[in-house]
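These are the residues of each chain, in order.
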Amino acid sequence: MGRVLVHPNKRRIAGPFSSDSIASLPTSLRPVRSSQQLLAIDPQKFLFSLSSFVAAAATLLITFSASLPRPWWALLTVYVTAQPMAGAFRPKIFYRLGGILTGAAVTIALVPNLQNSPELLILCFAAWTGFCIYLAVLDRTPRAFCFQMAAFSSAVISFPYLDDPGNIFTTTISRVEEMTVAIVCVSIAHALLQPWSVTPVIRARAEAFLVHASRWTAEALGSRHTTLEYEHQRTLATDVTELGMIAIHLPFDQRSAPATRRLVLSLQERLATILPLASATANRLDLLRALAPLDVELSTLVDDVVDWLVGGIEAPAEIERELVERCRLLASRYEQAPDWQAILAISVCERMAEFAEAHYESRLLVQQIGVPIDDGDDSALITQIESYPLARDHGVAALAGLATATAITLYCAVWILLAWPNGSATAAFAALITCSFAVQDDPAPVIGRYLGSTLITFPLAALYLFIILPRVDGYGMLIVTLAPALLWMGYIQADPARSARALPMFSCFIVGMGFLDRFQADFAVFMNTGLAQVGGIVTTLAVTKLFRSANVLWTARRIVRDNWVDLEQLANIRRPFRPAQWTGKGIDRLGLVAARMAVASLGDALHAADGLADIRIGRNIIPIRRALAAVPHDVRRTLGVVLAEVSVLFRDRRRASDAVPPPATLLHAIDAAIEGMLANAQLGPRHQALLALVGMRCNLFPAASPFQRTPAQ
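Residues numbered from 1 in each chain as written. Predicted model: local features only at pLDDT ≥ 70, side-chain atom pairs only at ≥ 80, totals over all residues. Heavy atoms only, no water.

Engineer: Sorry if this is basic, but what is going on with the overall build of the protein chain here?
Structural biologist: Scanning the protein chain from terminus to terminus reveals 26 helices and two strands. Within the protein chain, the fraction of its 713 residues that count as buried is 56%. Element-wise, carbon and sulfur atoms account for 60% of the exposed surface of the protein chain, whose accessible area totals about 29,800 Å². (Helix = DSSP H or I, 4+ residues; strand = E, 2+ residues; numbered from the N terminus. Buried < 20%, exposed > 50% of the residue type's maximum accessible area, 1.4 Å probe, protein only. Areas by Shrake-Rupley, 256 points an atom, 1.4 Å probe, with all protein chains shown as cover.)

Right under this line is the structure:
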């Protein structure tokens, strides 16, 4: 369904918007909901809920007909597996099925061989689970679902049946059959009822990024440049990274959308450059305005760029091309008198031109999403890259795996030492919840909401089990009776703002009623099952607060240090030169750090680490290293000194785990390199290496005195 959103500044975003894409927009760009809108039913959300309900009905029919022992397990798998977007839910199904089979194989391999040593068996399961979570946190793609499923499927299948290990093979096969039936039913139901396509979500996410980036750039250029707020950093950087995550789903999208994975990755490549280019332009304007008021021509150009940005992403392409030409023409005029003020003006013009070019190419690529791609000019923008770089930290992944393994060991130790009859069920629920949220730095708040949704759903489960279901006779009446509750919870699952509440609601409702081959309304069993669920959640919450809640800032500091390690190696001429993935990885880390800054106190050293400045410095190192082979020997030596000093600076920051200030020797080396570049007749002031030196000086020494050329002898 198409709709047009109008921002108060007259910016327009046109195109098909799903709830996912609306949720991705900045708060100020989201449509205001009236009371009538809140009561209205979204057809797409209802279609998703209906698809899941049809799959649930078919699953119950098959499991009842085949006399599978735990139909409730299959019914729960339906709603755990279902995803609103077709392209998003299909690969997750395959990954989850692979994880289930892997977990089942591990269960069959371990339980019969270690049934006489329960302590060793539990340690093996804990180690296996921790290893799977390590891989899931390290991967950061939809493949992580395979590792997560392998982790908790083995625990959930094995723990409730450790008292009767002789039947573990039959039990495991039954669980795999039930989950496989559910996965097949979900696939068929969603394929027939046409769920949401991933393509409009990609386009909406890219458009939202361009709108948000344009608004911030207009504000930064139009006045004194302020530091990009961490919330904006998180939103913009996360949008760029998530495009790559969604692009992985494109081959699985049931609609033959012509948007290809390479097109989306090419779009990512352009969007990743927009943020540092806009920030660099605003940074140079700050320094230029501090020296003297902008001259009329440059001031007029900046005002025109701001007006173009405020005008929205639907402005004619001719305006962008004209602005690029004006920037380059004005830069060439400033070359006539290359003093420090003129050099800064050249840097402003060049960075504005590059920003406008990246913005223009991004718009062209966005317009290609969902329409046939021909061999025209736009197709030349599609690069041959096959993946978007993601920042991975083995230390963070190992900590998540260790915490998960420790938590499961503690659950099982309490269960065994207390000889708790329902302890196996509690351990199973605790393992499921722990593995589901293990990829988060601090899962405690999410688990707390999980507990709240579970408690809210208990009365509904009791109403059905003891009042409604005793009056139901036959499969047909059962499905009709379940329809209101399942459709309502399925509708909540389709809403991105409330989807996190759906899984605990389904779990409490389905497990609490315990769908079996015959109806059983046993109050004691119901209460024991409910207490096992609540006990598993509470135990998980307690262990999480003990082991995980203090790790958020530690993780953020590790990410910043990893960024400094990459900068140290990038500037080291003895290291291999691999610049292609630097910007993308830096943007990814920027979003990861910004998302964790909310818990940092105002005096925390993390606030001194400017992620955008680090990205700009990395982008400045690249042209300097590229210029080494093309400059005379004396200039090459001065550039080498700059790179060596930069490498030492970030080595010192890595060792100190703090943003130590750059030494004065680095400022002198940069000034000498700028002098050498300006003195060489073969190189003009617009040379990219010279602009990079200027950018490095502005980023590392913003308060330094203006650069002064050495008088001619």
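Engineer: It is not clear to me how the environment of Trp308 should be interpreted in this structure. Could you clarify?
Structural biologist: Here Trp308 is to be found in helix H12 (residues 296-310). Sequence-distant contacts of Trp308, defined by excluding residues within four places in its chain, comprise Ala315, Ile319, Glu320, Leu323, Phe355, Ala356 and His359. (Contact = heavy atoms within 4.5 Å.)

Engineer: Please clarify how the pattern of salt bridges should be interpreted in this entry.
Structural biologist: Between side chains of opposite charge, a pair can form when the charged atoms approach closely. Tallying each qualifying case throughout the model produces 14 salt bridges. As a salt-bridge pair, Arg326 and Asp304 come within 2.7 Å of each other at their nearest N and O atoms. Here Arg326 is found in helix H13 (residues 317-334), whereas its partner Asp304 is found in helix H12, with 22 residues between them in sequence. According to the relative accessible area criterion, Arg326 is partly exposed, its value standing at 28%. Connected through salt bridges with shared partners, the residues Lys45, Asp495 and Arg498 form a single ionic network. (Salt bridge = Lys/Arg side-chain N within 4 Å of Asp/Glu carboxyl O.)

Engineer: Can you walk me through the packing of helix H23 (residues 611-627) against helix H26 (residues 688-700) in this structure?
Structural biologist: Think of two packed helices as two axes; the pair is described by the angle between the axes and how far apart they sit. Here H23 crosses H26 at 145 degrees, and the two axes come no closer than 8 Å. The crossing of H23 and H26 is left-handed. For the pair H23 and H26, the contacting residues are Arg616, Ile617, Asn620, Ile621, Pro623, Ile624 and Ala627 in the first and Gln688, Ala689, Ala692, Leu693, Gly695, Met696, Asn699 and Leu700 in the second. For the contact of H23 with H26, a count of residues per class yields ten nonpolar, four polar and one charged. (Axes fitted to C-alpha atoms, helices over the stretch in contact; angles between N-to-C directions. Left-handed = near helix turned anticlockwise from the far one by under 90°. Nonpolar A, V, L, I, M, F, W, Y, C, P; charged D, E, K, R; others polar.)

Engineer: Would you explain the side chain of Asn699 in this entry?
Structural biologist: When you line up the elements, Asn699 lands in helix H26. For Asn699, the side chain forms a polar contact with the side chain of Arg616, separated by 2.7 Å. With residues up to four places along the chain from it excluded, the contact list for Asn699 reads Asn283, Arg284, Arg616, Ile617 and Asn620. (Polar contact = N/O pair within 3.5 Å; in protein donor to acceptor, adjacent residues only side chain to side chain.)

Engineer: Whenever I open this one, the environment of Ile624 confuses me. Can you help?
Structural biologist: Mapped onto the elements, Ile624 comes out in helix H23. Taking the relative accessible area as the measure of exposure, Ile624 reaches 0% and is therefore buried. As for Ile624 and Leu691, which are separated by 67 residues in sequence, their C-alpha atoms are 9.3 Å apart. When sequence neighbours within four positions are dropped, the list of residues in contact with Ile624 reads Leu639, Leu643, Ala689, Ala692, Leu693 and Met696.

Engineer: Could you clarify how one ought to interpret the packing of aromatic side chains in this entry?
Structural biologist: For any pair of aromatic rings, the description consists of the separation of the ring centres together with the inter-plane angle of the planes. Scanning the model with the defined rule gives nine aromatic pairs in all. Ring centres of Trp72 and Trp73 lie 5.4 Å apart, and the angle between their planes is 65 degrees; this geometry places the pair in the edge-to-face category. Both residues of the pair, Trp72 and Trp73, belong to the buried class. Ring plane angle 20 degrees and centroid distance 3.9 Å describe the contact between Tyr79 and Phe506, whose orientation is recorded as stacked. Placement of Tyr79 in helix H4 (residues 71-81) and of Phe506 in helix H19 (residues 499-513) is noted, with a sequence separation of 427 residues between them. An aromatic cluster of at least three residues, connected via ring pairs, comprises Phe458, Phe466, Phe523 and Phe526. A cation over an aromatic ring shows up here: Arg697 above the ring of Trp340, its NZ or CZ 4.9 Å from the ring centre. (Phe/Tyr/Trp six-rings, centres within 6.5 Å; stacked < 30°, edge-to-face > 60°. Lys NZ or Arg CZ within 6 Å of the ring centre and 35° of its normal.)

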